[in-house]
Amino acid sequence: MSSSLKETFAAGSTPPPPATLAARVRTLGPSMTRSMQRVAEAVAHDPAGCAALTVTGLAERTGTSEATVVRTARALGYPGYRDLRLALAALAAQQAAGRAPAVTADIAVDDTITDVVAKLAHEEQQCLADTAAGLDTTQLESAIGALVGARRIDVYGIGASSLVGQDLVQKLLRIGLIAHSHSDLHLAVTNAVQLRAGDVAIAITHSGRTADVIEPLRAAFDHGATTVAITGRPDGEIAQYADHILTTSTARESELRPAAMSSRTSQLLVVDCLFIGVAQRTYETAAPALSASYEALAHRRDPRAGR
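Residues numbered from 1 in each chain as written. Predicted model: local features only at pLDDT ≥ 70, side-chain atom pairs only at ≥ 80, totals over all residues. Heavy atoms only, no water.

Asks: Before we move on, could you go through the overall build of the protein chain and cite the residues and values that matter?
Replies: Of the regular secondary structure elements, the protein chain holds 16 helices and 5 strands. By the burial criterion, 44% of the 307 residues in the protein chain qualify as buried. A separation of at least 24 residues holds for 71% of the contacts in the protein chain among residues at least 6 apart in sequence. Taken as a whole, the protein chain presents about 14,900 Å² of accessible surface, with 55% of it coming from carbon and sulfur. (Helix = DSSP H or I, 4+ residues; strand = E, 2+ residues; numbered from the N terminus. Buried < 20%, exposed > 50% of the residue type's maximum accessible area, 1.4 Å probe, protein only. Contact = heavy atoms within 4.5 Å. Areas by Shrake-Rupley, 256 points an atom, 1.4 Å probe, with all protein chains shown as cover.)

Asks: Tell me about helix H5 (residues 55-62), and name the residues and values.
Replies: Taken together, the buried positions of H5 are Gly57, Leu58, Ala59 and Thr62. Packed against the buried residues of H5 are helix H3 (34-45), helix H4 (47-51), helix H6 (66-75) and helix H7 (81-96).

Asks: Please provide a residue-by-residue account of the sheet that holds strand S4 (residues 226-231), values included.
Replies: Taking strand neighbours across the sheet as the criterion, the 5 strands line up as S2-S1-S3-S4-S5 in an open arrangement whose pairing is parallel. For this open sheet the edge positions go to strand S2 (179-182) and strand S5 (244-247), each flanked by a neighbour on one side alone. Taken pair by pair, the neighbouring strands of this sheet meet at an average axis angle of 15 degrees, ignoring direction. Where strand S1 (residues 153-157) lies against strand S3 (residues 200-205), 5 bridges are found, and the strand directions are parallel. Across the sheet, Ile153 pairs through a bridge with Val200, a residue of S3. Along the sheet, helix H10 (residues 160-174) contacts S1, S2 and S3; its crossing angle with S2, the most-contacted strand, is approximately 170 degrees. The strands that helix H14 (residues 264-281) touches are S3, S4 and S5; relative to S4, the one it contacts most, it runs at about 145 degrees. (Pairing = 2+ DSSP bridges. Axes fitted to C-alpha atoms, helices over the stretch in contact; angles between N-to-C directions.)

Asks: Could you give an account of the nonpolar core, with specific residues and numbers?
Replies: Grouped together as the largest cluster of nonpolar side chains are 29 residues, with contacts concentrated most on Ile153, Val200, Ile202, Ile230, Leu246 and Leu274. Of all the secondary-structure elements, those providing two or more residues to this core are helix H9 (137-148), S1, H10, S3, S4 and H14. Among the elements that make up this core, the one with the highest residue count is H14 (6 residues). Residues contacting Ile153, with those up to four places away along its chain left out, are Leu147, Leu172, Leu177, Ile178, Ala179, His180, Val200 and Ile202. Membership of the second largest hydrophobic core comes to 23 residues, among which are Val25, Ala44, Ala59 and Leu76. (Core = buried A, V, L, I, M, F, W, Y, C linked by side-chain atoms within 4.5 Å.)

Asks: Any chance you could break down the environment of Val189 for me, citing the residues and the numbers?
Replies: Secondary-structure assignment places Val189 in helix H11 (residues 185-192). A relative accessible area of 21% places Val189 in the partly exposed class. Remark: the alpha-carbon pair of Val189 and Tyr156, spanning 33 residues in sequence, is separated by 9.6 Å. With near-sequence residues (within four places) excluded, Val189 lies in contact with Glu215 and Pro216.

Asks: Break down the side chain of Thr72 for me, with residues and values.
Replies: Mapped onto the secondary structure, Thr72 falls in helix H6. Assessed through its relative accessible area of 1%, Thr72 is described here as buried. Leave out the neighbours within four places in its chain, and Thr72 touches Met32, Met36, Val39 and Ala40.

Asks: Can you break down the pairing of S1 residue by residue, with the values?
Replies: Counting buried positions along S1 yields 5 of 5 residues, so the element is predominantly enclosed. The alternating pattern of S1 places Ile153, Val155 and Gly157 and Asp154 and Tyr156 on opposite faces, both of which are buried. Two elements, S1 and S2, share 4 bridges in a ladder whose sense is parallel. For Val155, the partnering residue across the bridge sits in S2 and is Ser181.

Asks: So what's going on with the environment of Leu28? Which residues, and what values?
Replies: Relative to the helices and strands, Leu28 is located in helix H2 (residues 21-28). Given a relative accessible area of 3%, Leu28 falls into the buried group. Spatially, the C-alpha atoms of Leu28 and Ala40 are 9.2 Å apart, while their sequence positions differ by 12 residues.

Asks: For the environment of Ala160, give the residues involved together with the corresponding values.
Replies: Tracing the backbone through its elements, the reader meets Ala160 in helix H10. Distance in space between the C-alpha atoms of Ala160 and Arg264 is 7.0 Å, their sequence separation being 104 residues.

Asks: Give me the lowdown on the side chain of His244, citing residues and values where you can.
Replies: Secondary-structure assignment places His244 in strand S5. Given the relative accessible area of 14%, His244 is considered buried. Not counting chain neighbours up to four residues away, the residues in contact with His244 comprise Gln139, Ser142, Ala143, Thr226, Thr227, Val228 and Ala229.

Next up, the structure:
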């Protein structure tokens, strides 16, 4: 990531909404130093208590230094500790009013299926809310604009992210866009080097460091295509080759639910936002195309509809 991008990401012109704080800790925590992680975890789990502390008090509580507290605040998107403290106070007030649910317990191996359903439903809802609150709509609008005018669209993803990529491609094909999904590295790179200005390449990677996704996106970037990264790690290596970054949230990772599984919910939300945005801007052609594809497959859903 370039130094200018790091500065923009670290400080930003507008501090993130207080409700997204816990999500940002989950997203950015793995890339922080261990001392910064202690600060981040403390503010996420006890916003009210930490909001009452000075920078010195929080440093003492977490066994770190004042400099570490300030660095953590900036890494989370706040210009300084004062701004983080204000966000913590606002988050604590939201939680007290019942508008910001507290963190729930992880799924345990001996949970009843009723508990599993309840916990998963809560995590999914929170994941979607976190992603929506933290999504940069300016970046989203720019990505949509690039897709609308694209000659060709390539989407790269591996594993669970590949499934999300296939979902996006299927949607784009239904409104008449030329789109391809690639999960094989060799095919992805082979296609990426054929892209030019006017084409769009989209990489989907929760970690932001999946080599099999970064390599084709870099090739597309080097050949002049507009590049988009859908990632839970906007500070990851993938950002070096992305013109537009769409940040996703994820439910807390656990032994029974690794990040690759929990990240799909937020990725699918971003994919739907991209698709709806493109369909809105191309409504005159998109609506008839959707209708035609629906009618073409009607007999598959109901044999009585005929051919």
